[in-house]
Amino acid sequence: MKTKTVKPRAAAKLRPLAKLWQLRLYVVDSTPKSQTALANLKQFCETHLKGIYRITVIDLLKQPQLAKGDQILAIPTVVRQLPKPVRTIIGNLSDVEHLLVGLDLRPAV
Amino acid sequence: MKKNGFQSSAPKTLLPKCPTGIQGLDEITGGGLPRGRPTLVCGGAGCGKTLLAAEFLVRGAVQFDEPGVLMAFEETEKELTANVASLGFDLAGLVRRKKIVIDYVHIERSEVQESGEYDLEGLFVRLGHAIDSIGAKRVVLDTLEVLFASLPNEAILRSELRRLFRWLKDKGVTAVITAERGRESLTRHGLEEYVSDCVILLDHRVNDQIATRHLRVVKYRGALHGTNEFPFLIGDEGISVLPITSLALNHKVSGERIATGIPRLDAMLGGKGFFRGSSILLTGTPGTGKTIVSANFAQAAARRGERVLFFSFEESPDQIIRNMQSIGLRLEPLVKRGLLRFHSARPSLYGLEMHLATMFKEITTFKPHVVIIDPITSLMDCGTNSENKGMITRLIDHLKAGQITSLFTSLTQGGHALQQSEAAMSSLMDSWLLLQDYEGNGERNRVLYVLKARGMAHSNQIREFLISDRGIDLVDAYIGPSGVLTGSARAAQGALENAAVLAAQQEAAQLKREVERKREAIERQISGLRADYETEAQELRRIAEQVGTSTLMLTSERTASGILRQADAKTVVHPRSRARNGKVHS
């Protein structure tokens, strides 16, 4: 029921003008938590951004100096590099509703 | 020294301490903050939390070779660098030399969307990376509470903060966490719940329209600490807490004596004046000449080629120079030669701690031999009694350590000169001069006493203090049966005594003349008698001659008649006639 009402709206609000969605996923170590986040993100992109997304996973355990640039505090964090402007979503991305709002695919209610 | 004193009285299982290098704070805490543990610094806006934290880091890096990480949640690296540069901290330079890492953490809540669970591992990674990159021993988190505004999920935040403090302890870094003062609790978000080893409370409050900063160690687990509230100031060289208790009485003293510029006053002080490096209190009611005595002292010192710093809290330099000119003290040439410097400021211009800071700065730059503070009492209006005493103690200590002679004037409210605050202050002073008014005969006169002069013989006498267009003079006051005579009463007494002397002199002269006259009369009598005698003697001689002549004639007649009669009797010459030379022929 709910997904049915959501899907057409989400599809209508999709921004086809962006040809490439560049997403960065910040994690620390390959813990189950980070695995969950990556899986959630991939699933989301396959659903909404099929073919036009690219995900970069940054493990801060290996590259801690990168945390400063995107002002990473919370883990996991997804940063939308492209299209501009930069968007930040924190959490394991289990909440698709919030992720849609966070990625500007749907305006906040 | 103090540190040892603290330690010996503390239990044996001592916390290792991490010296902050902040003036006074280490004395209060008995050596610094707990090493390897977080310390919470809380206080309201503008009370110096960030500065304290920044100074802790900078001093750590510069003085103790302990690199530090500053994680700033409120200010950017640039802003911080600019802010602490005013305290003489070269943050940028320390960052370049890899002594300090500044990490600006910023989260805009509106730009962040939550989706599912998360933790703050990113913060840990950043902090850990910063610590490891320079081998930091100190960490400052300023102000962590900003996170409460930027992260929507407070439950996660709280559990992560708890983990963070645990993690900091495990890392072995000494951390300072700043936090806003809460209305009911120490901090707005109850951070004291997590940081329980050491809590320092800063406070900026206004007393009588004058703001003063205070510092209090609320809690220090496992160590003795000063529990009082201590005023602190933010000066050119950072924070300086003023713990009275920490002042050590071990400054060197000089045996050299310096003249006061008033010869009679020097005479009252064993003939040589004050000790160099001593502190002198000059109290007096209004208009007794405190500033004049100070100016005299200043002039005398400057004429010896010493530098004099004159803090005036009531008059402008020009006014002092003009006023002193009227009594023949020419200060302007000394100012021009750079020997005398005035520093005038309204006491209410800023708080006590700021005054102290400026005074310290002036003293440090001008390096005076003599410092005059006129009057210390106006400065004391800025704070409470204990603050003032602390400040003066600190000031005197600073001056004594530099062998600087200090003269403080103190205005008493009239009535009895020994007010309680004065008595408290006087115990800090080496010498105490008292200027007082004497009222009587419809006039006021100034007198001066030496109330105390440590370490030298001094006069116990009251002296009248005269101010004329030629300067100051001290004259002996008459002590009469009805008390001290000063001014015209003294002059009248003087005149009276002069008259008596004159009368005595006149009487003596009179007597002398009388004697002379008598002698002359007797002389005259003597010469009269002698004249009489002469007359008589002449008469007698004449008679004697007549008798002699007639006898001779008689003899010669007899001889002649004897010859005539052929008499055979011999003629005899009279022996007496022979004694009269030439008068009787043989």
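Described below are features of the structure shown in this document.

Observations concerning the interface of chain A and chain B
Thinking step 1. If you look at the interface, chain A gives 25 residues, while chain B gives 24 residues.
Thinking step 2. With both sides pooled, the region where chain A packs onto chain B buries about 2100 Å², and carbon together with sulfur makes up 58% of that total.
Thinking step 3. Among the residues of chain A in contact with chain B, A:Gln71, A:Leu73 and A:Ile90 are the three that bury the most area, contributing 35% of the side total.
Thinking step 4. At the junction of chain A and chain B, the tally comes to 1 salt bridge.
Thinking step 5. With a closest N to O distance of 2.7 Å, B:Asp119 and A:Lys33 form a salt bridge.
Thinking step 6. Viewed at the interface, chain B and chain A are joined by 16 residue pairs in polar contact (both at pLDDT 80 or more).
Thinking step 7. Those elements that provide at least two residues to the side of chain A that touches chain B are strand S4 (87–90) and helix H3 (96–102) of chain A.
Thinking step 8. When residues of the side of chain A that touches chain B are assigned to their parent elements, the largest contribution, 4 residues, is made by H3(A).
Thinking step 9. Split into classes, the residues belonging to the side of chain A that touches chain B amount to 14 nonpolar, 8 polar and 3 charged.

Considerations on the nonpolar core
Soluble globular proteins tend to bury their nonpolar side chains together.
Residues and elements named next belong to chain B.
Thinking step 1. With 42 residues, the main nonpolar core has Leu-141, Leu-144 and Leu-191 as its most contacted residues.
Thinking step 2. When contributions to this core are tallied by element, the ones reaching two or more residues are strand S3 (38–43), strand S4 (68–72), helix H6 (121–134), strand S7 (138–142), helix H7 (146–150), helix H8 (154–171), strand S8 (174–180) and strand S9 (198–207).
Thinking step 3. Aside from chain neighbours lying at most four places away, what touches Leu-191 is Leu-40, Leu-144, Glu-145, Phe-148, Leu-161, Phe-165, Ile-177 and Ala-179.

Some remarks on the sheet that holds strand S1 (residues 21–27) of chain A
Thinking step 1. As summarised here, the arrangement of the 5 strands in space is S2(A)-S1(A)-S3(A)-S4(A)-S6(B), forming an open sheet in which the pairing is mixed. For this open sheet the edge positions go to strand S2 (53–59) of chain A together with strand S6 (112–114) of chain B, each flanked by a neighbour on one side alone. On average, each strand axis in the sheet is inclined to that of its neighbour by 25°, with strand direction left out of account.
Thinking step 2. Strand direction decides the pairing type here: S1(A) and S2(A), joined by 7 bridges, are parallel. Each residue of the ladder has a partner; that of A:Leu23, found in S2(A), is A:Ile55.
Thinking step 3. Lying on the sheet, helix H2 (residues 32–48) of chain A is in contact with S1, S2 and strand S3 (77–82) of chain A; it crosses S2(A) at an angle near 170°.

About the thresholds
Residues numbered from 1 in each chain as written. Chains lettered and ligands numbered in written order. Predicted model: local features only at pLDDT ≥ 70, side-chain atom pairs only at ≥ 80, totals over all residues. Heavy atoms only, no water. Contact = heavy atoms within 4.5 Å. Buried area = accessible area lost by both parts, 1.4 Å probe. Salt bridge = Lys/Arg side-chain N within 4 Å of Asp/Glu carboxyl O. Polar contact = N/O pair within 3.5 Å; in protein donor to acceptor, adjacent residues only side chain to side chain. Helix = DSSP H or I, 4+ residues; strand = E, 2+ residues; numbered from the N terminus. Nonpolar A, V, L, I, M, F, W, Y, C, P; charged D, E, K, R; others polar. Core = buried A, V, L, I, M, F, W, Y, C linked by side-chain atoms within 4.5 Å. Buried < 20%, exposed > 50% of the residue type's maximum accessible area, 1.4 Å probe, protein only. Pairing = 2+ DSSP bridges. Axes fitted to C-alpha atoms, helices over the stretch in contact; angles between N-to-C directions.

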